[in-house]
Amino acid sequence: MKLFLIIPSLGSGGAERVLTTLANNWAKRKQVQLTMVVLSDSEDFYTLDEKIQIHRLGYKGGGDFLEKLVRAKTTVSKLRSLIKENDPNCILSFLTECNIVTLLASRNIKNKVFVSERDSPNANTPKIYKFLRKKLYNNANGIIVQSRDYQNFISKIVPKVPVVVIQNPIREIKRYDVQKEKVILNVGRLINEKGQKYLLEAFSRLSNHTDWKLVILGDGYLRDSLIEEANRLGISNQVSFMGASKEVDLWINKASIFAFSSISEGFPNALAEAMVGGLPCVSFDCVTGPKELIKNGENGYLVKTEDVEDFASKLNELINSEELRQSFSNNSIQLRSVLNEDAISDKYFNFITGKTSEI
């Protein structure tokens, strides 16, 4: 069996992590021929199994609308030729823009195409993408989403195409022989949707905890403004912006609390990894994601989105009680069995290969 996996890049994002996880898992456990098609010309962050073939189409962003349109048309043409030449049994595409390109490239071709939506229903999706999604998704054989909220949302747009909810596979978090430190950890790109500005404000409101540190792993266009905000709040000596890191597991082992400040999510990979790694968590209850992982007051705290005062209050509760932190930790690690990499990978594989009864 031949499978094509299509994604814009192999950068450090959550969607890239999930698709590479699926690909590497299938390379080890399934009798399949895997090809990863990367649309853009970008640097890789994740590593693929050597048995997986990679095709890079060299799409470059930037320029005005007409330039982008010409490059997009070229990319669609390249992908269509690649599909015809290799004739895969199934195609799985990740992310809306990539899904649109894939469905355009595969029009009137017999190959089965499945797309995975990774957004929140309230994501700021460009109008052209909304239009093309409504027109093209009807040609898909199936749609995979990460939450029940998004399943309801997309089923209204494309009512005749099967839509299934499959949460993301969460890898086993590596254990390190290190002592817990007075560290609150946040992992995520430095963009508006990840809400780190609210986290900085909440951290600045912590009472009498100058011995605690806030460590933020991730890069993005807001880095400079967030550093300026930390300076303005007078907490720059307690906040470390570490950039994109491959040592997330080490920090999960060292940290005592995980703070998830996203105001919009598809599926909160960073939160899930922290929980299966045993970290007590405080999270905004943004649309889709956190409420499907956190049982408020049992394995973490859910806070109304953008409620900085309550977020700070919940952080304080965890800081002040090692017993509470341990209780949340014991309960959160139970997600390991639910989000097991093999189990989730099998759900994806069964759906795209036609074994839908096993979803």
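Presented here is a report on the structure given in the accompanying data block. (Residues numbered from 1 in each chain as written. Predicted model: local features only at pLDDT ≥ 70, side-chain atom pairs only at ≥ 80, totals over all residues. Heavy atoms only, no water.)

Looking at the packing of aromatic side chains
Working definition: an aromatic ring pair is given by the centre-to-centre distance plus the angle between the planes. According to the stated counting rule, one finds nine aromatic pairs in the structure shown. Geometrically, the ring pair formed by tyrosine 150 and phenylalanine 153 is tilted, given 5.1 Å between the ring centres and 55 degrees between the ring planes. Taken together, the residues span about one helical turn, with tyrosine 150 and phenylalanine 153 both in helix α5 (residues 148–157) at a distance of three residues. With a relative accessible area of 24%, phenylalanine 153 lands in the partly exposed category. Note on phenylalanine 258 and phenylalanine 260: the rings are 6.4 Å apart at their centroids and 20 degrees apart in plane angle, and the pair reads as stacked. Judged by relative accessible area, phenylalanine 258 falls into the buried class, the value being 0%. Above the ring of tryptophan 251, the side-chain terminus of lysine 254 is found at 4.1 Å from the ring centroid. (Phe/Tyr/Trp six-rings, centres within 6.5 Å; stacked < 30°, edge-to-face > 60°. Helix = DSSP H or I, 4+ residues; strand = E, 2+ residues; numbered from the N terminus. Buried < 20%, exposed > 50% of the residue type's maximum accessible area, 1.4 Å probe, protein only. Lys NZ or Arg CZ within 6 Å of the ring centre and 35° of its normal.)

Observations regarding the sheet that holds strand β12 (residues 281–284)
Overall, parallel pairing links the six strands, which are arranged β10-β9-β8-β11-β12-β13 in an open sheet. Taken across any chain shown, the strands that pair with only one partner, and hence form the sheet edges, are β10 (239–243) and β13 (301–303). For this sheet, the mean angle separating the axes of adjacent strands, direction not counted, is 20 degrees. As paired strands, strand β9 (residues 213–217) and β10 are joined by four bridges and run parallel to one another. Of the residues in β10, the one forming a bridge with leucine 217 is glycine 243. Those strands touched by helix α6 (residues 196–204) are β8 (183–187), β9, β10, β11 (257–260) and β12, and its axis lies near 170 degrees from that of β9. (Pairing = 2+ DSSP bridges. Axes fitted to C-alpha atoms, helices over the stretch in contact; angles between N-to-C directions. Contact = heavy atoms within 4.5 Å.)

A look at the sheet that holds strand β2 (residues 33–40)
What the seven strands build is an open sheet, ordered β3-β2-β1-β4-β5-β6-β7; its pairing is parallel. Each edge of the sheet is formed by a strand with only one pairing partner; in this case those strands are β3 (53–59) and β7 (163–165). Along the sheet, successive strands turn relative to each other by an average axial angle of 20 degrees, direction set aside. Of the pairings in the sheet, the one linking β2 to β3 comprises five bridges and is parallel in character. Note on β3: the bridge partner recorded for valine 38 is arginine 56. Seen against the sheet, helix α3 (residues 96–105) touches β1 (2–7), β2, β4 (90–94) and β5 (112–116) and runs at an angle of roughly 150 degrees to β4.

Observations concerning the nonpolar core
Counting residues in hydrophobic clusters, the biggest one holds 30 residues, and the most contacted among them are Ile184, Leu200, Leu214, Val239, Phe241, Phe311 and Leu315. Only α6, β9, α7 (223–233), β10, β11, β12, β13 and α10 (308–320) provide two or more residues apiece to this core. The element that contributes the greatest number of residues to this core is α10, accounting for six residues. Excluding its chain neighbours within four sequence positions, the residues that come into contact with valine 239 are Leu200, Phe203, Leu214 and Ile216. (Core = buried A, V, L, I, M, F, W, Y, C linked by side-chain atoms within 4.5 Å.)

Points about the pattern of salt bridges
Under the criterion given, the structure shown has 18 salt bridges. We note a salt bridge from glutamate 117 to arginine 133, for which the minimum N-O separation is 3.3 Å. With a gap of 16 residues between them, glutamate 117 in the loop between β5 and α4 (127–136) and arginine 133 in helix α4 connect regions that are remote in the sequence. The same class applies to glutamate 117 and to arginine 133, which are both buried. Put simply, lysine 194 and glutamate 265 hold a salt bridge, and the shortest N to O gap is 2.7 Å. A residue pair is termed long-range when its members are at least 10 positions apart, and lysine 194 in the loop between β8 and α6 and glutamate 265 in the loop between β11 and α9 (269–276) qualify at 71 residues. A residue is classified by how much of its surface remains accessible, and lysine 194, at 15% relative accessible area, is buried. Overlapping salt bridges bring together Arg17, Arg171, Asp249 and Glu273 as one network. (Salt bridge = Lys/Arg side-chain N within 4 Å of Asp/Glu carboxyl O.)

Observations concerning unusual backbone geometry
Leave glycine aside and you will find that most residues have negative phi; peptide bonds, for their part, are mostly trans. For aspartate 87, which is not glycine, the phi torsion reads 50 degrees and is therefore positive. Here aspartate 87 lies in the loop between α2 (65–86) and β4. Given the relative accessible area of 36%, aspartate 87 is considered partly exposed. The backbone of leucine 95 sits at a positive phi, close to 85 degrees, despite the residue not being glycine. On the secondary structure map, leucine 95 appears in the loop between β4 and α3. A residue is classified by how much of its surface remains accessible, and leucine 95, at 24% relative accessible area, is partly exposed.

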